[in-house]
Structures are given as C-alpha cells and as structure tokens.
Amino acid sequence: MPARIGLDAALRRGTVGAAIGATTVVNNVKDLTLSMEKGEADITTRGGSGWRATLGTLKEATLEFTMNLDVADADFDAFHAAFFGNTNIALAVLDFATGEGVLADWTVTGFSIEQPLEEAQVVNVTCKPTFVTRAPVWHVPA
C-alpha cells in the first residue's frame, strides 16, 4: 500500500447517528490530529517471571483540528452551533474521502479563535466521543 499524505485525508460530518454515506466532507479543515489511548490496569502477579503485566481498560479519543474562521461556511456554523448549543455531531476521520477510520458521535469541547496579525483567523476545534446512538467504531469501506 502506498503512503498516504494528509492532503488526501477527510473529515466527514453529519447528524447524530448518521451512516458514513449520509455525511459530507468538511473542506475547511487544515491540520487534524486524532489521538486514541487506553487506560491501563496492572495485573502483575508473582507468577509473571519478574515482568509487569498490563490489561487495557477504557478507551478515549480526542479530535483536534484547525479551520479558517468563515461565518458563511456551513461546516464552521455546524461546529459553532454544536459548541454553543451543547449539541452533538457525527464525525468520521478517514484516511481518504471514502476510506477507513473512526466514525462516532462527538461533542465539541473546545472552540478557540486565533487572530494572528499577518495570518488568517482560524478556529481550533476539539471534539470527544459522546454516547448518543453508538460508541466509536472503526469504519472499513464495503
């Protein structure tokens, strides 16, 4: 498989519970980071031959991305409305527009505006999974 570049990746947006086919690509995205981690439970015993043993526990994810501040953009409006209205949004973070990645219902937990003197005004958006109709899943195209 060839290497993928970020330019080919896609963030897709829809209403809560939306299937991947009912989402649309968010074009006003610059840099995006999806972080996923698991908690750990120490299950070390004396029978472990001197090795610490661990089991994964609860998973967590944080999605952070930057978009240009454009009040006429429907995607900007959707994230703005989700943050200020305490509503949720379906998002898919994919390796390309119809590729694979994480699909979940998210809550917008951060909405920070930057106004640099010589650059475009941007919004830094932070989202975390919320349980509305489904837990996060790894989407693989059919």
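Criteria and thresholds
- Residues numbered from 1 in each chain as written.
- Predicted model: local features only at pLDDT ≥ 70, side-chain atom pairs only at ≥ 80, totals over all residues.
- Heavy atoms only, no water.
- Helix = DSSP H or I, 4+ residues; strand = E, 2+ residues; numbered from the N terminus.
- Buried < 20%, exposed > 50% of the residue type's maximum accessible area, 1.4 Å probe, protein only.
- Contact = heavy atoms within 4.5 Å.
- Areas by Shrake-Rupley, 256 points an atom, 1.4 Å probe, with all protein chains shown as cover.
- Lys, Arg positive; Asp, Glu negative; His and termini not counted.
- Charge placed at Lys NZ, Arg CZ, Asp CG, Glu CD.
- Polar contact = N/O pair within 3.5 Å; in protein donor to acceptor, adjacent residues only side chain to side chain.
- Pairing = 2+ DSSP bridges.

J.: Whenever I open this one, the overall build of the protein confuses me. Can you help?
T.: Secondary structure assignment for the protein yields one helix and eight strands. With the principal axes as the frame, the protein shows a C-alpha extent of 65 × 40 × 35 Å. Looking at the protein as a whole, 31% of its 142 residues are labelled buried. Looking at the protein alone, contacts between residues at least 24 apart form 61% of all its contacts between residues at least 6 apart. When the accessible surface of the protein is totalled, it reaches about 9,000 Å², and 54% of it is carbon and sulfur. For the protein, the distance from the average site of its 10 positive side-chain charges to the average site of its 17 negative ones is 12 Å.

J.: When you look at the side chain of Asn 28 in this model, what are you seeing that I'm missing?
T.: Mapped onto the secondary structure, Asn 28 falls in the loop between strand 2 (24-25) and strand 3 (32-42). Asn 28 gets classed as buried once you look at its relative accessible area, which sits at 14%. Within polar-contact distance, the side chain of Asn 28 engages the backbone oxygen of Asn 68 at 2.9 Å. For Asn 28, the side chain forms a polar contact with the side chain of Asp 73, separated by 3.4 Å. Excluding its chain neighbours within four sequence positions, the residues that come into contact with Asn 28 are Thr 66, Met 67, Asn 68, Asp 70 and Asp 73.

J.: Would you mind showing me how to read the pairing of strand 6 (residues 101-114) here?
T.: As a general feature of sheets, a regular strand has side chains that alternate between the two faces. Relative to strand 6, strand 5 (residues 88-94) runs antiparallel, the two sharing seven bridges. Bridged to Val 93 within strand 6 is Val 102. Hairpin connection from strand 5 to strand 6: six residues lie between these consecutive antiparallel strands. Sheet topology places strand 6 next to strand 8 (residues 137-139); three bridges connect them, and they run antiparallel. When the bridges of strand 8 are listed, Gly 101 appears paired with His 139. The sheet contact formed by strand 6 and strand 7 (residues 122-129) spans eight bridges and is antiparallel.

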